[in-house]
Every structure is written in C-alpha cells, then in structure tokens.
Protein chains: 4
Amino acid sequence: MILILKSGATDDQIDHVIERVEALGLQAHLSRGTFRTILGIIGDESKIDAEAIRAIPGVASVVPVLPPYKLASREAHPDFSIVDVGGVKIGGGNLAMIAGPCSVEEEDRMYRIAEQVSAAGANIFRGGAFKPRTSPYAFQGLGEEGLKRLRDAGHAHGMPVVTEVTDPRLVEVVCKYADMLQIGARNMQNFALLNEVGACNHPVLLKRGMSATVNDLLMCAEYILSQGNANVVLCERGIKGFDTATRNLFDVSAVPLVHQLSHLPIIVDPSHATGKPELIPACAMAGIAAGADGVHIEVHDCPEVAKSDGPQALLPEQYAEVASQMKALAELLGKTISPTPEKTA
Amino acid sequence: MILILKSGATDDQIDHVIERVEALGLQAHLSRGTFRTILGIIGDESKIDAEAIRAIPGVASVVPVLPPYKLASREAHPDFSIVDVGGVKIGGGNLAMIAGPCSVEEEDRMYRIAEQVSAAGANIFRGGAFKPRTSPYAFQGLGEEGLKRLRDAGHAHGMPVVTEVTDPRLVEVVCKYADMLQIGARNMQNFALLNEVGACNHPVLLKRGMSATVNDLLMCAEYILSQGNANVVLCERGIKGFDTATRNLFDVSAVPLVHQLSHLPIIVDPSHATGKPELIPACAMAGIAAGADGVHIEVHDCPEVAKSDGPQALLPEQYAEVASQMKALAELLGKTISPTPEKTA
Amino acid sequence: MILILKSGATDDQIDHVIERVEALGLQAHLSRGTFRTILGIIGDESKIDAEAIRAIPGVASVVPVLPPYKLASREAHPDFSIVDVGGVKIGGGNLAMIAGPCSVEEEDRMYRIAEQVSAAGANIFRGGAFKPRTSPYAFQGLGEEGLKRLRDAGHAHGMPVVTEVTDPRLVEVVCKYADMLQIGARNMQNFALLNEVGACNHPVLLKRGMSATVNDLLMCAEYILSQGNANVVLCERGIKGFDTATRNLFDVSAVPLVHQLSHLPIIVDPSHATGKPELIPACAMAGIAAGADGVHIEVHDCPEVAKSDGPQALLPEQYAEVASQMKALAELLGKTISPTPEKTA
Amino acid sequence: MILILKSGATDDQIDHVIERVEALGLQAHLSRGTFRTILGIIGDESKIDAEAIRAIPGVASVVPVLPPYKLASREAHPDFSIVDVGGVKIGGGNLAMIAGPCSVEEEDRMYRIAEQVSAAGANIFRGGAFKPRTSPYAFQGLGEEGLKRLRDAGHAHGMPVVTEVTDPRLVEVVCKYADMLQIGARNMQNFALLNEVGACNHPVLLKRGMSATVNDLLMCAEYILSQGNANVVLCERGIKGFDTATRNLFDVSAVPLVHQLSHLPIIVDPSHATGKPELIPACAMAGIAAGADGVHIEVHDCPEVAKSDGPQALLPEQYAEVASQMKALAELLGKTISPTPEKTA
C-alpha cells in the first residue's frame, strides 16, 4: 500500500500518519519527492483498512498494491478451478452449455424443451421458479412447484439443473431441488444472500451486476468463498451501457480479465447481454473464442407465450444451430463440451 | 401502446398480432404507412404484457404510451406527497436534514455527534447497524446493539432515526428501533426486501441503484406502494459513471425529473454521490436549488477512526456551515427545514 | 413516424399538429386511445425534421419508424459491401489484418516491423504520422516524412498502408501517400473532416467514437457516403465504460449489430479497446468469432521505446501467434484472410 | 511518479528500470515490500512520459503524483482567473448569462430574441452559424451571413456574442465577427482546432466532451493555454449516461471539482445537459448553487420553427423567469451578474 500525501502536508501530519501505520504493526517507508511526500507501507497489507488510512489528515490518496480479494485470486490458487455440477464439469477446458426457458412453465413444455436442448448438446438445464421482476404486476414465478418441474424435466434428460435464488430464506428449499444456485445480477451485492449460499455447499452461478466492475464481481465471489463454499462459477451477462440498441452491454473482455486475475471459471450469457435473438449466436461464439468456460442461453419453443423474457429467447432449432457452431469452435480451441453423467457412464 | 411491425411483416403475421391483441379485450387500430405498418392498441394498456407482445413474429418494436408504474405516478396522485417520519415532514416544501455517521459506533460518540448535528439544524439522525460492505473482511456493523444506540442518541436529541435494513429477516427488528427504514442502493432491486418493507407501515428511504434509471427507481417504489405502504421517500445518491474523480456521478437532474413524473418526495445524498468532503457542500446546495426535499450527509467527529466511509465524512463544524447555507437557500426558495416534534411543540 | 401527444393535448393543438404535417405534403392518421392520442404520419419520413415536429405544442414524443441513415442501411444495399484497399479486399468474407506501430518511427524499425507482421499474415500496414495526443506536451508525429516512411516500409513488403488524418487541411497530403485514411475515435463527429474525406475517393477507416452509439457511427458513415465516397470501413475500438481495468470497453456486439443494420464492413481494434497486451489475443479472436471483417492490432518490437501507446503494443512474436489462431478461426468460419496484391498475382 | 513492479519482477528487470529512470536525469528510490517492489521517482515528473515507463518489462503500473496539466492547474495559478468577453467578466464572482437561439436565423427574429434576453438579464448573446449536425441532411447553418446577423443583433443590444467554430480553416472569419469562440463537445479533442484557437487571442468557451473526464477537459484547456491564449472558459454541458430520460447526464459536481483543480472559470449549459425545457430551470439553479461562473441557455420565440434544437429551447418568458431566480440566488451567494459594457459605463 502506498500513501501519497497532500502537497502541503505538515511534518506533524506526516508524523501522525507514521504513528498510525506503526500502531498497526507495519513499517512506513518515507520518500520525500520534489513535489510530494510518499509513504510505502511494508508488511501485511491485508491488516489495514485502506479507507481509514485515507481519512487521516494530510493523506491525499491511497494506492493499494494487492487486490482486495484473496481466496478468489490466481495468486492464492494458480491452477484454474473446475466446478462439478451434478457430474458436469465447468472450467479448465470443460465447457458448460446451459440452456432452457427464462421461467419454469407448463410441465409438458418443460419436458419438451429439455429434450430439445439436450439433443442439441446442452449439458445443464435452466429455468426460474422465483423471478425477480422489475414490475410488481408481472409474473413472479411458480415457486416450489416450479423447482420440482425444473428438476424433473432436467433429470429426466440427464441434465443437472440451475435456478435462481432471490431470498436468503429460500436457499434451503432451492437446494432441495437444484444442482446449482444462481445469484442474479440484481442480487450480486445482496450480501445476506451471498452469506447464505456461502454457508451451503451447492455450486453457485454468480452473475455480474449491471454496474459492477470485474473487481466488484470478484469481491462478491470472495464473500461466498470466505464462508467455505469453493464452488463458484462467474457469469458475464452484460453491464449497463449508453447504447439502447442492445439490452445491456456485453463485456467480452471480462472473460480473459477474470482468467488473468482469478482461478474461478467464467461463462457468458449472451441472452441477457444483448436481449436480441439475432445477436445471440455471434456473441455466444465471441464468448467461447475469448476463452469462456461455458455459455448460458435462454430457449423457448413459443416465445410469444413465454411468461418472461420471450423476446430474447432462441427457438430450439436456432439453439441447435449455434450449439453445433460452438462445438466446432471448442474443438478448434482444444476444449470439450462437458459430457453429462449418463453420457460419461 | 404502439406496435411497429417489421418491414417484411406478412398479412398472416399482421392478422395473428391483431388476434392476440383482441383476445386480451383490446382493440387494434391498423395504419399501413409507406414503409411500415403500425398498430395502435386502444384500451387499458396495463392489461398487456409488453414483453409478450414484442415476442410475436412480425413485431419489430413496442412503444409504451403510459409509464409502467401507476401508484407512484403524478397522474395517480397529482399533489406532492408528504411523508411523516416520527413527526418530521418530508415533501411539499418541507425539507429533511438527515445527518450522522456512516456506521453506529461508540455510545458516547453517537450522543456527541447527535448533539452537534442537531444544533446545526439536522432533523433526522442516521447511522448503520447492519452494513452492506463490499469486502467480507470489513466491519459489518453492531447489529441490534447498534440499533439501540442509534435510537437512544437520536431520540435524546429530539430526532427520529433512519437506518438501513439489508435482509428481509431483519425488517421486524429494525422496525422496533428505527423511525424510518433505508433500502440501500445495492438492494434497490432486492424484491424480497422491497415486499417485506412494503408490508410494514414504516416510512422507507429508497436509494437509487447505481445502474438504475429514474424509471427503474420508480418501479421499485411501486413495489413498496403496491404492498400498501405509501410512505416512500426516494434518494438520489449518485450513479455509475466513467469519471473516477468522484466516487459516483451525482445526477441532480433526477430531482426535477422525479418531481415531474411522481408525487413522491426525493432527497439527495451528496456524501455517497461524490465521496469527497470538498465537493459535498456544493452538491448539497445544488440539490436544494434543484428542488430536493432534503439532504442526507454523513458526519463524523474523527473520520480517521470511523468504522466505515471515514474519507467522505464531514466534520461537525463543516456540517454546521453547509447546513446554515442550505437554510438560507431554502428560505429564498420559500421552503422550510422541517422542525422536529419537540421544536414543533 | 409516430407522434404521441401529451395527455392534456387540446383539440386546437391536435388540429395545429395535423396542419403542420399536411403542410409538408404528408398525411396524418389520427388514433384517439383511452389515455392518449396518437398520430401516424404517412408518406416519406425523410422529408420531415423530427426535431421540429417534437417542438410543436402538445407533442409528447416522436417515434421514428425508419433509421435516420439511408445510404449506409441494409435496406438501401442488401448485399455486404466489399471495400478494396490497394488490392486488399475487406468485407463479404474477406478479412483485413491490419498491423503496425502506433506512431511511425525510425526508418529501419518501420521496415523491420513491416517485414515481421507481413510474415505473420498481416495484409495492411499501419502507423500514425499526425498523432492526436491528449497532452500538448507529447510527441505529435513525424508529419509528411512519417507518411513517406510508412508507405515505403509497407509497400516494400507488399502491403497497402493506412494512417490517420486529423485535420481537413491535411487530407490532400495524406492521400498522396496512404492507401486508406483513418478517422480516429476523437474525430468521428468532426464533420468538417468527414466532408473532406467524403469528397476524395480514398477508402476510409472510420473509428467509433468513445460515446457514440452504433446509430451515431452509421450517421457519420452517412456523411462520407453522402459526399460520394462509398469506400467506408467501420471500426469498433472500445467505448467509454465505468470499469478502469481496461482502457475502454470492447463492444463486440456492435459487430453483428452493424451487419444487421448496414452493408458496410466492420473490423475490430482490440489494442485500443483493451489497452492491455494480455487481453488483446482473446478479444481479437472474439471479434472474428462475432463476424468482424478484420482485426487491427498495434505491434512494436520494443514497446518501452515506442513514441506512443507502447504499453498496449504486442511484440512481433505475440502478433504472429494470435495471427495464426485468427487464421484457423477464419477457416472454420469459411472466411479468407485477404491476400495482398502480390500474393494474389 | 510511483512505479509498482510486477510480483515476479526479476533483479535484472529492476536494474533496467532504474537505469532508464536515471538516464532521464531523475532518481529512483527503491522500496522492497513484503509482496511487491516499488520505485518512487524523485525529480521533475513532467520530464517523463508515463506511457513509455509503463511499457518497460517488469512494471505493473505507474501512479502519477502530479496532474498532467500545468498551466490549467490551481498550483500554477492560485487565484481564480477572470476572462473578459467584450467587456463582460466571467469568473471570480462574476457570472455570465449566455442566451440566444441554437442557430442564427432570420434577421428580425435575431433582433427580437436579443432584445428579450437582454431585458431578462442576459449579458452575452449566442447563436450558431456553422452547425455540427449529426445528420448530413440537416440544416448546416448560415455561415458568414449568420455571423454578421448574430453580431449585429447582439451588439445592437449591448451584448458581446459567442458562436461555435468547427473547422480550423474558419477560425479567422469567426474571429472577425465574434467576441468569443465556442469549441463544441464533439470537437473538444479536435486538437488541430484547439491549436488554431490557441494561436489567436479571442476568449474561448470550451465545452466538455460527452465521454470526457474532468481531467480530459483540463488537458484540452492546456492545449489552448500552451499556445499562449489564456482566455479559456470551461462549460459542463452533460456527459453520456445510461438513462435516456434526459438527453445527456448533467454532471454538476464537475463545477466544484474544476474549481478545486483549476483557476479557470466554468459555466453550465442545462439546455444541452437535459434537452428538456421542464428540467432546465432546476438545473440552471443547481449550477449556480454549485458555484458555476455562468449559465448558458438556449432561447427561441417559436421553438416549432427553430432550425435546430427547438424541443429544448426555453421561450423568452420562461427565460425571464429563471433569470430572475438565478439573479436572486447569485445575490444570496455574494456574486454578481456581470454588467454589459454599456450598463457599466
């Protein structure tokens, strides 16, 4: 950690800063420049609260040298982590192909879509039973009955299932049915929820918040990891941008950036990132080419009757087409679409 | 609602769209232009899910004519609402002056700061007992003991108190001590929490999320209002921007925009919006000049030992100075700093 | 074009709007809804200035039905355009591989880098002779001498050359040496410059401005096209974002979006988009996978002595590696790295 | 300047960095921390190109200690500058009230609007003769004839005039008629134009670019100052944001931030910042309350026939109302609306 002092910092202020730093068991290395005085802090930076230091009179700014996350960092864990979701591996060259409708809907529709996406190459089935909707008047999901339908349709076709949990009080029931818990973008910094999913041992799909930097995303993963749950998969799903031509702004560079900073797998979700079926295949391919550990795509067999997000759903036949292109690209890059347990066996 | 069809929409597609619209009990008014066909939907737009309509084949885009929120709109409630927080009025020309430390801290410090901000003109005391921190390793608040200290210090100086609630399971205990519940920016779209505070009758201070449009903010207010709790005060506290010179980007234009669209009061929080003590007074004044119904400022008597957000705290004497400027400005604009109940009596 | 009237629009206001529309030789189709009145405008929308219409009393908003650009649209030109740059084709399945240093530097270095990137597969050589620098104290480029060196080094290795023009007074001299003119991001809306390059017949590489939507970018292309120069290639080079982990925010979704809206080729520039050598290869691959018509990468053989943008340059051997990966990906997608004229012959 | 080295930086790399720094006549102060090595650079930082240093192998990041602008900084010039525009002072407690139509239009209309805004308290008259339009098909301005009309109408009412210059070739003719030259937001980083206006001695109104940080804005002012023209006034006119409810995002915090970092005056332009007449008065007041040195507002007596930007124009009577409120606020703050020369005499 480096402290840059204000140009007019007095000797008394400098002494006081050094005193505060040494009281924390660290050393301060003073360097008086031509225009400014600088203090290098030597010792275990993780012991210091950068914020408190920045509030000391005379301090202009604090430059951290280490990232604020530890368990999520590559330095702590140089190899890429592989997360196992009901037998399907994510990370380290193994790609997740997550597909399914936005919301869980009728039972027969769920079976039909599960069959279609599985045939196309999907290895994890998705669907929302508790929906975070921007309008209180919109469909809020089928609840526990939805969880049951999702699991039954997915497992019947050999696929583990992932579904969103939106409330710390629901973690237990969602764990009963789902193989993987999704934390949605709007809840990325819902710390009560992060702590709760950190305390269970289910794999977690943590979506990047719309105004979150990659550093913010890794700090939220750290919340889960610090509770003892190491099974975290990150997801880039578009951030807030100024061009309303797409629903969000797909930040594909987050993929190599996360791979540089962290050992955790990261997948992409071009459905939410673009909100436009005609852009999804190109962005799915871009994600794989950038090194993503999987792709999450919403699929519905009749988007105009979908309970939510119909306009951004791919039809099963459109999904099949992009899935086969992704498979070819994965092979070119030396990666594998993870087989489902049955297919493994 | 207006539907713009794709340039190549077929007659069959057009018929199908009209059929779908009429099945909802509405009328479709067809208008074939030179280049595009347009359908005006006549009837109660609130019955239709714009999303489902947009997914019908042949539809290029859907233009809503009415705002998606109802209870929060000026049309539903033409007069400005006045929210009463333990006897302090907010809205309709009555200004809230909310001040206090970021986190609740030692008992004597709480009393001291409460005394100082009250003397300077504050009418509501603030402090966090459950802190949403970006790092799992940072101070997380004093919990119920903190709530008690906050209430005791505030009430001892005649001020009702506001504090953040971060978890739906904590709404009950927070209601026991606090006069107003704060929903923080990171939880603006935590719908489980919104529903829970909507179900109680405590006044709510709803902060704008960092990637939320004003429309998004009003939709979240609608969640609370739709549960029966009409005591909602909005807060502009800075949104995500590209210039890191300030912590967030203070969107002062949200104040007149909310006043145009909604009857709900809106205050500003220049502490979180700028993160820089030297910019806070100017932005507080800007907020009042733009018509804000109050100002929220963090105050600490020794920022370098603050448990959180020390670098952005004003000293009590700095607060006193800007408070007196705000009072003069309020008078010029024909507004009143709301008296506390004791002072009223 | 659709006009949505204000909720309280009077009959006199409605009559006045219709009168104004009809005076323009168009028809207004009135539709009185339950809550709002709507006017569909029938006729050639391009005759109307949406802005003037929006200022008529009683008009709440104007919804355009057609895009504001014409010559740049897919509707005007359904096939993808192919732009020829000194014998190298860009677009329609032909990929540009543009490489070279940020600034033109010493003569022998230019020859050396040209040789290296050409051997790696580059087909167009780049280098800046007139540099738009954010500091007036930074290196401003070698001027005409730089243009000469760039051309000589590029042509000696069979590659046409592209260089930036920053001033309308310099278009003539830059045309003397360069095979393609680059308009930089900061000058995307420098309309005097756009008109000047539109009046010559040289191919133009038009970079997206940092705050430009895709629609804004296409409007600037329209400026050039409307002057008679049809040889426009667009370039996504990162837009302004809130995460400072990368220099800009690489918007890869702009590639399929431009291909949907326009016939013009679009390439990507991961060097400026990310500003980080370690992220460039992944983003270059993402661009190709998303359908880009080429990739622009800055290469320098000793970045620490580069006159500009050294920290984001790839070394020649790094470029060779990503170029070979891009070639394999292009083949998978059924595309061709355009051969240079010599290699064609 | 501080160099943070990569965690694995070798001794050879460290030696090479020190060698490079010393070759520039500076000293490097080495500090080996527990996890990272840091180099403090002592000497005149302005001699070093941070970019080149960052490209040296082993360097992870470069932290500048001083701002990159010099002439524009408060350190170089501790008192606030006062710029004189044809006898009207801007800065140091003197407020500019700039008003007039977006484009110069008919002669009698120009006289009429000039008379109205002058009566309301405006002290500088504005109007565009060379218009930067996003569409090549929109009205491009009246050229030299427009300059003449603007000057005649303004001067006839005792007001100096400001108008935009968009092309370095036009600086001479614009100087012939205008008392102040405006550089528009789209041309903020048109360095050829900045150099040209820097070489003349006319006062310059430099508008902040839509994706420009405050630091970027001050660097562009530095361009003009470094050419010898010290008469620069900055203008906050809204930056790019994600909420399309307003045309741009009005960053009022830029006003106190510029006053902290620089001696240059800064005014606000709520017309372009919001694009909505109903929000302009509130934002104008916010600007003054935040300390702005003036306010720029577009006024037209019949917005629906305006040649450009009609929908955001205030009517003369609306301008008169907000002008009288701004005057009262200025008095409260101890500031003066600058008198025009005639009124001074």
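Computed from a predicted model, the values in this text were never measured in an experiment.

Student: Quick question: what am I supposed to make of the domain arrangement of chain A here?
Tutor: Many descriptions give the size of an interface as the accessible area lost when the pieces come together. Per the domain assignment, the segments making up chain A are domain 1 (2-63) and domain 2 (83-344). A straight line from the C-alpha centre of domain 1 of chain A to that of domain 2 of chain A covers 44 Å.

Student: Whenever I open this one, a negative patch on the surface confuses me. Can you help?
Tutor: Together, Asp12(A), Asp15(A), Glu19(A) and Glu22(A) make up a region of like negative charge exposed at the surface. Tracing the sequence through the fold places Glu22(A) in helix H1 (residues 11-23).

Student: Please clarify how the sheet that holds strand E3 (residues 37-42) of chain C should be interpreted in this entry.
Tutor: Across a sheet, strands are paired by hydrogen bonds formed along the backbone, either parallel or antiparallel in direction. All names here are of chain C. One open sheet accounts for four strands, arranged E2-E3-E1-E4; its pairing is antiparallel. With partners counted over all chains shown, the strands left at the sheet margins are strand E2 (27-32) and strand E4 (59-63), one partner each. In this sheet, adjacent strand axes meet at a mean angle of 20° when their direction is disregarded. Looking at chain direction, E2 and E3 are connected through six bridges and run antiparallel. Across the sheet, the residue bridging to arginine 32 is threonine 37, located in E3. Sitting on the sheet, helix H1 (residues 11-23) touches strand E1 (2-5), E2, E3 and E4, and the angle it makes with E2 is about 155°.

Student: Quick question: what am I supposed to make of the interface of chain C and chain A here?
Tutor: The partner chain A presents 33 residues to the 33 residues of chain C that form the contact. In this structure, the connection of chain C to chain A is made through two salt bridges. Scanning the region where chain C abuts chain A turns up four residue pairs in polar contact (both at pLDDT 80 or more). The element best represented in the side of chain C that touches chain A is helix H10 (residues 280-289) of chain C, accounting for five residues. Of the residues contributing to the side of chain C that touches chain A, the split by class is 22 nonpolar, six polar and five charged.

Student: I would appreciate a short explanation of the environment of Leu314(D) in the present structure.
Tutor: Residues and elements named next belong to chain D. Here leucine 314 lies in the loop between strand E14 (294-298) and helix H11 (316-332). Distance from leucine 314 to glycine 43, taken between C-alpha atoms, is 53 Å for residues 271 residues apart in sequence. Here leucine 314 is in contact with Pro277, Ile280, Ile297, Glu298, Val299, His300, Tyr319 and Val322, once residues within four sequence places are set aside.

Student: It is not clear to me how the UniProt feature "domain: DAHP synthetase I/KDSA" (unreviewed entry) in chain A should be interpreted in this structure. Could you clarify?
Tutor: Under the present numbering, the feature "domain: DAHP synthetase I/KDSA" (unreviewed entry) in UniProt falls on residues 87-332 of chain A. For the annotated span residues 87-332 of chain A, helix accounts for 39% and strand for 15% of the residues, and the straight-line distance between the end C-alpha atoms is 24 Å.

Student: Before we go on, may I ask you to explain the relation of the copies chain B and chain A in this structure?
Tutor: Two copies of the chain are present, and they differ by a rotation about an axis and a shift along that axis. After a rotation of 180° and a shift along the axis of 0.0 Å, chain B superposes on chain A with an RMSD of 0.0 Å. Accordingly, the operation relating the two chain copies is best matched by a two-fold axis. Every residue of chain B has its C-alpha some distance from the rotation axis, and the shortest such distance is that of Ser211(B), at 2.7 Å. In this assembly, 98% of the residues forming the interface of chain B have copies in chain A that are likewise at the interface, indicating an isologous arrangement.

Student: Help me understand the nonpolar core in this model?
Tutor: What tends to happen in soluble globular proteins is that the nonpolar side chains get buried as a cluster. Ranked by internal contacts, the top residues of the largest apolar core, which has 162 residues, are Leu206(B), Tyr319(B) and Leu206(D). Dropping the residues within four chain positions of it, Leu206(D) is found in contact with Ile183(D), Met188(D), Leu194(D), Leu217(D), Cys220(D), Ala221(D), Ile224(D), Val232(D), Val233(D), Leu234(D) and Cys235(D). Grouped together as the second largest cluster of nonpolar side chains are 161 residues, Val252(A), Ala254(A), Met188(C) and Val232(C) included.

Student: Hey, could you run me through the pattern of salt bridges in this one?
Tutor: Charged atoms that come close allow side chains of opposite charge to pair. One pass over the full model with this rule turns up 80 salt bridges over all chains. A salt bridge links Arg247(B) to Asp309(B); the shortest N-O distance between them is 3.2 Å. Of this pair, Arg247(B) sits in the loop between strand E12 (232-236) and helix H8 (254-261) while Asp309(B) sits in the loop between strand E14 (294-298) and helix H11 (316-332), and the two are 62 residues apart along the sequence. When its relative accessible area of 8% is taken as the criterion, Asp309(B) is described as buried. The shortest N-O distance in the salt bridge between Lys176(D) and Glu144(D) comes to 3.5 Å. Note that Lys176(D) is positioned in helix H5 (residues 171-177) and Glu144(D) in helix H4 (residues 144-156), a separation of 32 residues in sequence. Here Glu144(D) falls in the partly exposed class, since its relative accessible area comes to 36%. The structure contains a network of salt bridges with shared partners spanning Glu105(A), Glu106(A), Asp108(A), Arg109(A), Arg112(A) and Asp301(A).

Student: I would appreciate a short explanation of the interface of chain B and chain A in the present structure.
Tutor: Taken together, the contacts link 45 residues of chain B with 45 residues of chain A. With both chains or domains summed, chain B and chain A bury close to 3,700 Å², and 50% of this area falls on carbon and sulfur atoms. There are six salt bridges connecting chain B and chain A. Notably, a salt bridge pairs Glu51(A) with Arg133(B), separated by 3.5 Å at the nearest N-O pair. The tally of links from chain B across to chain A stands at 20 residue pairs in polar contact (both at pLDDT 80 or more). Every element with two or more residues in the side of chain B that touches chain A is listed here: helix H1 (11-23), helix H2 (50-54), helix H6 (191-199) and helix H7 (214-226) of chain B. Per-element tally for the side of chain B that touches chain A: the top contributor is H7(B), with five residues. Of the residues in the side of chain B that touches chain A, the class split is 17 nonpolar, 13 polar and 15 charged.

Student: Could you clarify how one ought to interpret the relation of the copies chain C and chain A in this entry?
Tutor: In the superposition of chain C on chain A (RMSD 0.0 Å, axial shift 0.0 Å), the rotation amounts to 180°. When the interface residues of chain C are mapped onto chain A, 100% of them again fall at the interface, so both copies present the same face.

Student: When you look at the pairing of E14(B) in this model, what are you seeing that I'm missing?
Tutor: Within a regular strand, the side chains alternate between the two sheet faces. Residue and element names in this part refer to chain B. For E14, the tally of buried residues reaches five of five residues, placing the bulk of the element in the interior. Residues of E14 alternate between two faces, with Gly294, His296 and Glu298 on one and Val295 and Ile297 on the opposite face, all of them buried. In terms of strand pairing, strand E7 (residues 94-100) meets E14 through five bridges, oriented parallel. Residue pairing for E14: methionine 97 is matched across the bridge by valine 295.

Rules behind the numbers
- Residues numbered from 1 in each chain as written.
- Chains lettered and ligands numbered in written order.
- Predicted model: local features only at pLDDT ≥ 70, side-chain atom pairs only at ≥ 80, totals over all residues.
- Heavy atoms only, no water.
- Domains from an automatic or database assignment.
- Patch = residues over 30% accessible without salt bridge, like charges linked within 9 Å, V, L, I, M, F, W, Y side chains within 5 Å.
- Areas by Shrake-Rupley, 256 points an atom, 1.4 Å probe, with all protein chains shown as cover.
- Salt bridge = Lys/Arg side-chain N within 4 Å of Asp/Glu carboxyl O.
- Lys, Arg positive; Asp, Glu negative; His and termini not counted.
- Charge placed at Lys NZ, Arg CZ, Asp CG, Glu CD.
- Helix = DSSP H or I, 4+ residues; strand = E, 2+ residues; numbered from the N terminus.
- Pairing = 2+ DSSP bridges.
- Axes fitted to C-alpha atoms, helices over the stretch in contact; angles between N-to-C directions.
- Contact = heavy atoms within 4.5 Å.
- Polar contact = N/O pair within 3.5 Å; in protein donor to acceptor, adjacent residues only side chain to side chain.
- Nonpolar A, V, L, I, M, F, W, Y, C, P; charged D, E, K, R; others polar.
- UniProt positions renumbered as here; feature names shortened; annotations may be inferred.
- Least-squares fit on C-alpha atoms with pLDDT ≥ 70 in both.
- Core = buried A, V, L, I, M, F, W, Y, C linked by side-chain atoms within 4.5 Å.
- Buried < 20%, exposed > 50% of the residue type's maximum accessible area, 1.4 Å probe, protein only.
- Buried area = accessible area lost by both parts, 1.4 Å probe.

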